[in-house]
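Residue-level listing of the chains:
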Amino acid sequence: MTTPSEFEQIDQMMSKRALKKSRRKWRFIAFAALAIAVVALVGRSLGGFSNPVGNEGPHIARVVIDGVITSDPQRRQILNDLASDENVTGVIVQINSPGGTTAGGEELYEGLRAIGENKPVTAVINELGASAAYMTAIGADKIYARRLSIVGSIGVLIQHMDASKLLDTIGIDYDKVATGPLKAEPDIDEPMSPLVRRSYQKLVDDSFAWFVDIVAERRNLPRDEVLLLADGQIMTGRMALENKLIDEIGDEITAKAWVENEAETADQKVHTYYPLPQEPWENIGYWMSTQLGSLFINRLNNTQTLDGLVSVWQPIE
């Protein structure tokens with residue numbers, strides 16, 4: 001006859017088996033998700049920068065700049081290829097961005113100017129084209145914006161958070177040994193010193209001077225006039241037109257007509273070259289990483305941290 005203790009032993013044994021089975025299942029899921037993510041990263045890195053359009057005849061290329069701007073070697077290579085692609089008769093740059101890093105804006109500006117040496121380039125500012133995004137736009141030969149687009153914010157900034165009072169309150173002391181007074185400065189545990197502030201101001205001033213110079217050159221405006229607009233202010237598309245920061249009110253249809261006129265072509269298709277379309281395995285990897293991440297991380301909506309020198313418009317929340 002089976003005693004209660006034997007039932008308990010059987011129950012414990014079954015529970016252990018179920019637990020081991022569950023662990024194996026979750027380990028397999030985690031391994032599969034990791035494998036997909038690795039394949040996606042390797043595929044993206046080894047896939048090169050192949051032409052997403054193929055061997056189609058003459059057409060117009062579209063480059064979409066959406067969100068915060070940073071340096072992007074893939075995008076830079078695509079812009080370089082567009083400059084020499086004989087089937088691309090012109091380029092339309094669609095912009096909806098608050099800006100980003102100064103280096104990212106410079107990269108886009110130079111890439112568009114290289115294309116503009118051989119074929120017409122036009123920029124279309126949709127909802128937002130500020131700071132480094134406007135730096136991008138002036139790389140084009142013609143700038144369009146909607147009447148109520150947000151344009152401008154010509155300027156540069158670098159930010160520092162002073163958490164010294166908080167650290168003092170919770171009893172955390174932060175110290176370091178450095179080779180010089182400006183190495184790894186400023187620290188978050190103290191206010192920015194005058195020496196560090198002067199050093200940072202030189203960075204900001206140098207970047208700002210270059211930004212103002214290219215706006216003056218590209219928009220054919222006196223530098224003193226640009227300086228009056230370069231206090232970080234934003235404006236609508238209509239205001240930007242009055243201040244000669246854009247050329248016309250319009251959209252991609254308007255821009256396409258201009259490109260066709262400049263290239264002496266007609267009825268050409270517009271194909272997106274950037275961002276590249278994702279492969280199916282990339283979509284799976286993205287979905288898996290998002291789903292797993294949501295189990296452990298409370299994500300902040302539409303935020304991105306930028307370190308260093310930036311040119312970005314930040315609305316007050």
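Scroll up to find the structure.
Note that the coordinates shown come from a computational prediction; the quantities given were computed from them, not determined experimentally.

Caption draft 1: Molecular detail of the environment of Ala61. Summarising the element assignment, Ala61 is placed in strand S1 (residues 59-66). Taking the relative accessible area as the measure of exposure, Ala61 reaches 0% and is therefore buried. Taking the C-alpha atoms as reference, Ala61 lies 9.5 Å from Val121; in sequence the two are 60 residues apart. The residues touching Ala61, leaving out its near neighbours within four places in the chain, are Leu82, Val88, Gly90, Val91, Ile92, His271 and Tyr273.

Caption draft 2: Summary view of the packing of helix H2 (residues 73-84) against helix H3 (residues 102-116). Across the interface, H2 lies against H3 with an axial gap of 8 Å and an inter-helix angle of 15°. By the angle between their axes, H2 is roughly parallel relative to H3. Between H2 and H3 lies a crossing of left-handed hand. Contacts from Arg75, Arg76, Leu79, Leu82 and Ala83 of H2 reach H3 at Gly104, Glu107, Leu108, Gly111, Leu112, Ala114 and Ile115. Its residues placed into classes, the contact of H2 with H3 shows seven nonpolar, two polar and three charged.

Caption draft 3: Fine view of the environment of Lys244. Considering the arrangement of structural elements, one finds Lys244 in the loop between helix H8 (237-242) and strand S8 (248-249). Remark: the alpha-carbon pair of Lys244 and Arg219, spanning 25 residues in sequence, is separated by 7.0 Å. When sequence neighbours within four positions are dropped, the list of residues in contact with Lys244 reads Arg219 and Leu221.

Caption draft 4: Inspection of the pairing of strand S2 (residues 88-97) at higher detail. Among the 10 residues that make up S2, nine are buried, leaving the element largely enclosed by the rest of the structure. Bridging between S1 and S2 involves eight bridges; their strand directions are parallel. Among the inter-strand pairings, Arg62 is bridged to a residue of S2, identified as Ile92. Handedness of the β-α-β unit built from S1, H2 and S2 comes out right-handed. Strand direction decides the pairing type here: S2 and strand S4 (residues 121-130), joined by six bridges, are parallel.

Caption draft 5: How the structure looks around unusual backbone geometry. Of note, the amide linkage connecting Tyr274 to Pro275 takes the cis form, showing an omega dihedral of 0°. Looking at the secondary structure, you find Pro275 in the loop between strand S9 (270-274) and helix H10 (280-296). Phi is positive for Ser153, close to 55°, though the residue is something other than glycine. With respect to the element layout, Ser153 can be found in the loop between strand S6 (150-152) and helix H5 (164-170). Residues other than glycine seldom take positive phi values, yet Asn220 does so here, at roughly 55°. You can call Asn220 exposed: its relative accessible area is 70%.

Caption draft 6: Summary view of the packing of aromatic side chains. Tallying each qualifying case throughout the model produces one aromatic pair. Residues Tyr109 and Trp210 carry aromatic rings whose centres are separated by 5.8 Å and whose planes lie at 90° to one another, so their mutual orientation is edge-to-face. With Tyr109 in helix H3 and Trp210 in helix H6 (residues 194-218), the pair connects residues that are 101 residues apart, well separated along the chain. The exposure class assigned to Tyr109 is buried, which follows from its relative accessible area of 8%.

Caption draft 7: The packing of H3 against H6, seen in detail. In the contact formed by H3 and H6, the axes pass within 13 Å of each other and the chain directions differ by 30°. On the basis of the axis angle, H3 is roughly parallel to H6. In this structure, the crossing between H3 and H6 has a hand that is left-handed. Residues Glu106, Tyr109 and Arg113 of H3 lie in contact with H6, whose contacting residues are Trp210, Ile214 and Arg218. Classifying every residue of the contact of H3 with H6 gives three nonpolar, no polar and three charged.

Caption draft 8: The arrangement of the pattern of salt bridges in detail. Evaluation of the coordinates by the stated rule reveals eight salt bridges. Ionic pairing is found between Asp247 and Arg219, a salt bridge with its closest N-O pair at 3.1 Å. One end of the pair, Asp247, is in the loop between H8 and S8; the other, Arg219, is in the loop between H6 and helix H7 (223-229), and 28 residues separate them in sequence. Taking relative accessible area as the criterion, Asp247 reaches 27% and is therefore assigned partly exposed. You can call Arg219 buried: its relative accessible area is 12%. Salt-bridge contacts for Lys256 lead to Glu260; the nearest nitrogen and oxygen are separated by 2.6 Å. Taken as a pair, Lys256 and Glu260 lie in helix H9 (residues 252-263) at a separation of four residues, close to a single helical turn. A cluster of three or more residues bridged by salt bridges with shared partners is formed by Arg113, Asp141 and Arg218.

Procedures and definitions
Residues numbered from 1 in each chain as written. Predicted model: local features only at pLDDT ≥ 70, side-chain atom pairs only at ≥ 80, totals over all residues. Heavy atoms only, no water. Helix = DSSP H or I, 4+ residues; strand = E, 2+ residues; numbered from the N terminus. Buried < 20%, exposed > 50% of the residue type's maximum accessible area, 1.4 Å probe, protein only. Contact = heavy atoms within 4.5 Å. Axes fitted to C-alpha atoms, helices over the stretch in contact; angles between N-to-C directions. Parallel < 35°, antiparallel > 145°, perpendicular 65-115°, else oblique. Left-handed = near helix turned anticlockwise from the far one by under 90°. Nonpolar A, V, L, I, M, F, W, Y, C, P; charged D, E, K, R; others polar. Pairing = 2+ DSSP bridges. Right-handed = clockwise from strand over helix to strand, strands pointing away. Phe/Tyr/Trp six-rings, centres within 6.5 Å; stacked < 30°, edge-to-face > 60°. Salt bridge = Lys/Arg side-chain N within 4 Å of Asp/Glu carboxyl O.

Purely geometric stuff here, so don't read any function into it on its own.
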